[in-house]
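Commentary on secondary and tertiary structure
Take a look at the letters that make up each chain.
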Amino acid sequence: MGSPTVTGPVVPTGSSASDQPPRSSFRRVLTGSMAGAVLEWYDFAIYGILAATVLGPLFFPGEDGVTKLLLALATQGLGFVARPLGGIVFGHLGDKFGRKPMLVTTFIMLGTATAAIGLLPTYDQIGIWATVMLVVLRMIQGFALGGEFGAAVLLVSEYGEPKRRGFWASWPQAGAPMGTVLATVVVSVIAVFLSDDAFDQWGWRVAFLFAIPLLAIGFWVRRGVEESPVFKAAQEQAAKAPQAQERSSILEALSRPRAILTGLGMRLGENIAFYVYTVFVIAYATTYFDFHRGDVIMAVTFASLFQFVGMIGGGAWSDRVGRRVAMLVPAIILVVWAPVFFWLVQLESLPMLWLGVCVGAFFHGMLAGPEAAWITELFPTRYRYAGSSLVFQGSSIIAGAPAPFIAVWLIDNYGVGMVVGYLVITMAITVTSLLFSRETKGVDLDEVA
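Residues numbered from 1 in each chain as written. Predicted model: local features only at pLDDT ≥ 70, side-chain atom pairs only at ≥ 80, totals over all residues. Heavy atoms only, no water.

Here we look at the overall build of the chain
The condition that has to hold: Helix and strand definitions follow DSSP, with helices as H or I runs of at least four residues and strands as E runs of at least two, each counted in order from the N terminus. To sort residues, take the accessible area from a 1.4 Å probe on protein chains only and compare it with the maximum for the residue type: under 20% means buried, over 50% means exposed, and anything in between is partly exposed. The contact criterion used is simple: two residues touch if any of their non-hydrogen atoms lie within 4.5 Å. Note that accessible areas follow from Shrake-Rupley with a 1.4 Å probe, and for residues the cover is restricted to the protein chains shown.
Across its full length, the chain carries 17 helices and 0 strands. Expressed as a percentage of its 449 residues, the buried residues of the chain come to 56%. Pairs at least 24 apart in sequence give 83% of the contacts found in the chain among residues at least 6 apart. Within the structure as shown, the chain displays about 18,000 Å² of accessible surface, and the carbon and sulfur contribution to it stands at 68%.

See the structure below:
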C-alpha cells in the first residue's frame, strides 16, 4: 500500500472484491484516528500546563499555594487511574460490537469533558462543588482515553496492508507529540494577547474550549468511518460457527497472558523514558539548575517535533527490518543515552539541554513508532481490542503515571545516579522483553491465533 490516495484497504481473508470498502475509507480512518490522538494529548498537555498556573488557585480551597498546586496535579493523576478501567470496558465492547462505535463514543466523551472544564464555575462561585465537578470531568477524560487510543490504532492497523502496517499505525502514535505542540502553541498565543489578570480570570477557559472545534471536526470525520474489514470478517466467521458459550474478550486476553506480559514489559521502559524526558526534566532543570522554566518548556516542545519524526520513521523502518530490530536499536541507544542526558543537563548550558532532550525524544519516538503495529499484531481479532488496551493503558498506570514522582523521590533521596539507574534498569526490561518476543512484521491479522 503506497499511499491512501491511490490504494484502498486490503480485502480480508474470505472477502470478495465487492465487499472492499471504498478507497476514501482509509483516508477517513487515518484522519479520524489522528484527530483523536491529537485531542487526547492536547487535553493532557493543557491540563498539565494550566494545573501549575491556574487550576490550583481557582478550584481548590486553602491558603497554602503549594497545597493547591499539588491537589491540582493530583487530579491529573486521576485521569491515569481511570484509563485502565476505560480500556477494560471499551476493549470488551469493541471486540463485541466493533471498533467504529467505540471510536465515536470515546471521542465524544473526551472532547465534551475537556470543553466542559472550560465552562466550570470556580470554587469562589459555588464552593466545593467546583472541585467535585473538576475531578469528575477529569475521571471521564481518563475513562474515555482508556478506550479511545485502542480503537484508533486498531482501525488503522486492521485496514492497512501488512507491508505498510508499521508506517500507518505509527500515525495515531504520533498524535501525542502533535497534541503537546498544539497545547503549547494555544496557551502561548492566548498569553500573548491577554494580560496576566485576564488570562487567570477567563483566558485559560479558551484553551479548554478549543476542544470544541477539534471535537466537531473529528466527529464529522469519524462518523463516516466504516467498520474494520478484519473485524467484519471475524464476525461473519463467528456467525457460521457460533461457540457454545461466549466469553468476555478481557477474560480471553487474560487467559493467555504471555502477549500481555511481553507488551507490558516492552512498554515499561518506553513509557518511563517518555515522562522523564518530557515531564521530569522540567522540574529537574529548573529546581536543581539555573534554567528558566519557559526555556525548558520550549526545549521540550521543540523536542516533540523530533519525537514525531522518530515515530513515523520508526514505523516505516519496522516495515523493512522487522518490529523487533526497529525497536531494539533505539531501546539500546536510550540505555546508553540516559547518563549522557543527565550529564548534558548538568553542564547548565541551554544548547546542551536542547541537545539532550531532542535526542532523547527522537529515539523514544523511534522506539514508540513501531509498537502500535507490534502490539496490534500480538492478539487475534476476537480479543485484539481488549488485549491491546490492557497493554497500552496498563503500562500507563504502572509505568508512565508514577515515573515523574519516582524520579523526583530518587533524586531527592539518593541523587541523580539513581534516576539514571531507574532509566537504565527499566529500559533493560524493555530490551529483554523484545529479545524474547516473536517477530510480527507482515503477519496476516486474520490468521493470528
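Re the packing of aromatic side chains
Which entries qualify depends on this criterion: For this analysis, a ring pair means two rings from Phe, Tyr or Trp (six-membered ring only for Trp) whose centres lie within 6.5 Å, classed as stacked if their planes differ by under 30 degrees, edge-to-face if by over 60, and tilted for the remaining angles.
Scanning the model with the defined rule gives 21 aromatic pairs in all. With a centroid separation of 6.4 Å and an interplanar angle of 55 degrees, the aromatic rings of Phe-280 and Phe-342 are classed as tilted. Placement of the pair is Phe-280 in helix 11 (residues 257-288) and Phe-342 in helix 13 (residues 323-346), with a sequence separation of 62 residues. Grouping residues by exposure puts Phe-280 and Phe-342 together as buried. Ring geometry for Phe-362 versus Phe-363: centroids 5.1 Å apart, planes at 80 degrees, classification edge-to-face. Relative accessible area serves as the criterion here: at 21%, Phe-363 is assigned to the partly exposed category.

Comments concerning a nonpolar patch on the surface
As a reminder, the rule being used: Residues qualify for a patch when their relative accessible area is over 30% and they have no salt bridge, like charges being joined within 9 Å and the nonpolar side chains of Val, Leu, Ile, Met, Phe, Trp and Tyr within 5 Å. The salt bridge criterion pairs a side-chain nitrogen of Lys or Arg with a carboxyl oxygen of Asp or Glu, the two atoms within 4 Å.
Taken together, Ile-126, Ile-128, Trp-129, Val-132, Met-133, Val-136 and Ile-140 make up a surface patch of nonpolar side chains, about 590 Å² in accessible area. Among the elements that make up the nonpolar patch, the one with the highest residue count is helix 5 (residues 128-159) (6 residues).

Focus on empty space enclosed by the protein
Test applied: Cavities and pockets were defined on a 1 Å grid built over protein atoms only: a cavity is a set of grid points that admits a 1.4 Å probe from which the probe cannot escape, a pocket is an open set flanked by protein on both sides within 12 Å along at least five of seven lines, and lining residues are those with an atom within 4 Å of any such point. Grid points are joined across faces, edges and corners, and a volume is the space filled by probe spheres set on the points. For this classification, the nonpolar set comprises Ala, Val, Leu, Ile, Met, Phe, Trp, Tyr, Cys and Pro, the charged set comprises Asp, Glu, Lys and Arg, and every other residue, Gly included, is treated as polar.
Summed over the entire model, instances satisfying the criterion amount to 3 cavities of 30 Å³ or more. One number sums up the size of the largest cavity: a volume of about 210 Å³. Considering the residues around the largest cavity, the lining is formed by 18 residues, among which Trp-41, Gln-173, Arg-267, Glu-270 and Asn-271 are closest to the centre. Here the element with the most residues in the lining of the largest cavity is helix 11; it accounts for 5 residues. Of the residues that constitute the lining of the largest cavity, the class distribution is 8 nonpolar, 5 polar and 5 charged.

Details of unusual backbone geometry
Positive phi, close to 55 degrees, is recorded for Glu-348, a residue that is not glycine. For Glu-348, the position within the fold is in the loop between helix 13 and helix 14 (350-377). The partly exposed category is assigned to Glu-348, whose relative accessible area is 45%.

Thoughts on the side chain of Thr-426
Here Thr-426 shows up in helix 17 (residues 416-435). Assessed through its relative accessible area of 8%, Thr-426 is described here as buried. Contacts of Thr-426, omitting those with residues within four sequence positions, involve Leu-268, Gly-269 and Ile-272.

Points about the packing of helix 3 (residues 99-117) against helix 5
Geometry of a packed helix pair, given as the angle between the helix axes and the separation of the axes. The condition that has to hold: Only C-alpha atoms enter the line fits that serve as axes; for helices the fit covers just the stretch in contact. Angles between N-to-C directions range over 0 to 180 degrees. Crossings are classed by handedness, with left-handed meaning an anticlockwise turn of the near helix from the far one by less than a right angle and right-handed meaning a clockwise turn.
Here helix 3 crosses helix 5 at 145 degrees, and the two axes come no closer than 7 Å. Considering only the axes of helix 3 and helix 5, their crossing is left-handed. Taken together, the residues that form the contact of helix 3 with helix 5 break down as 18 nonpolar, 4 polar and 4 charged.

Considerations on the packing of helix 11 against helix 17
As a reminder of what qualifies: Our angle categories are set so that under 35 degrees counts as roughly parallel, over 145 as roughly antiparallel, 65 to 115 as roughly perpendicular, and the remainder as oblique.
Across the interface, helix 11 lies against helix 17 with an axial gap of 6 Å and an inter-helix angle of 150 degrees. In terms of axis orientation, helix 11 runs roughly antiparallel to helix 17. In this structure, helix 11 meets helix 17 at a crossing whose hand is left-handed. Between helix 11 and helix 17, the residues in contact are Thr-262, Gly-265, Met-266, Leu-268, Gly-269, Glu-270, Ile-272, Ala-273, Val-276, Tyr-277, Phe-280 and Tyr-284 and Val-416, Val-419, Tyr-422, Leu-423, Thr-426, Met-427, Ile-429, Thr-430, Ser-433 and Leu-434, respectively.

A few points about the nonpolar core
To keep it simple, the criterion reads: The definition of a nonpolar core used throughout is a set of buried Ala, Val, Leu, Ile, Met, Phe, Trp, Tyr and Cys residues joined through side-chain atoms within 4.5 Å.
The biggest cluster of nonpolar side chains holds 69 residues, and the ones touching the most others in it are Ile-272, Phe-280, Phe-341, Phe-342, Val-345, Phe-379 and Leu-423. With 16 residues, helix 11 is the largest single contributor of residues to this core.

Some remarks on the environment of Arg-323
Formally: Counting of polar contacts relies on pairs of N or O atoms within 3.5 Å, with two restrictions inside protein: one atom must be capable of donating a hydrogen and the other of accepting it, and residues adjacent in sequence are counted only when both atoms are side-chain atoms.
Along the polypeptide, Arg-323 turns up in helix 13. Under the relative-accessibility criterion, Arg-323 is labelled buried at 0%. Taking the C-alpha atoms as reference points, Arg-323 and Ile-375, 52 residues apart in sequence, are found 10.0 Å from one another. When residues no more than four places from it in sequence are discounted, the contact partners of Arg-323 are Pro-162, Arg-165, Gly-166, Ser-318, Pro-370, Ala-373, Trp-374, Glu-377, Glu-439, Thr-440, Lys-441 and Gly-442. Polar contacts involving the side chain of Arg-323 include one to the side chain of Ser-318, which spans 2.9 Å. A distance of 2.8 Å separates the side chain of Arg-323 from the side chain of Glu-377, its partner in a polar contact.

Considerations on the environment of Ala-403
Inspection of the secondary structure assignment puts Ala-403 in helix 16 (residues 403-413). The exposure class of Ala-403 is buried, given its relative accessible area of 0%. In this structure, the C-alpha to C-alpha distance between Ala-403 and Ile-272, residues 131 residues apart in sequence, is 5.6 Å. Beyond its immediate stretch of four places on either side in the chain, Ala-403 contacts Ile-272, Tyr-275 and Tyr-422.

Details of the pattern of salt bridges
Applying the stated criterion across every chain, the model contains 11 salt bridges. Here Asp-43 and Arg-138 are joined by a salt bridge, their closest N and O atoms 3.4 Å apart. Of the two residues, Asp-43 is situated in helix 1 (residues 23-59) and Arg-138 in helix 5; the sequence distance between them amounts to 95 residues. For the pair shown, Asp-43 and Arg-138 are each scored as buried. Here Arg-323 ties to Asp-319 by a salt bridge, and the two come within 3.0 Å at their closest N and O atoms. Of the two residues, Arg-323 and Asp-319, neither departs from the other in class, the shared state being buried. Each of Asp-95, Arg-99, Glu-158 and Arg-384 takes part in salt bridges that share partners, so that together they form one network.

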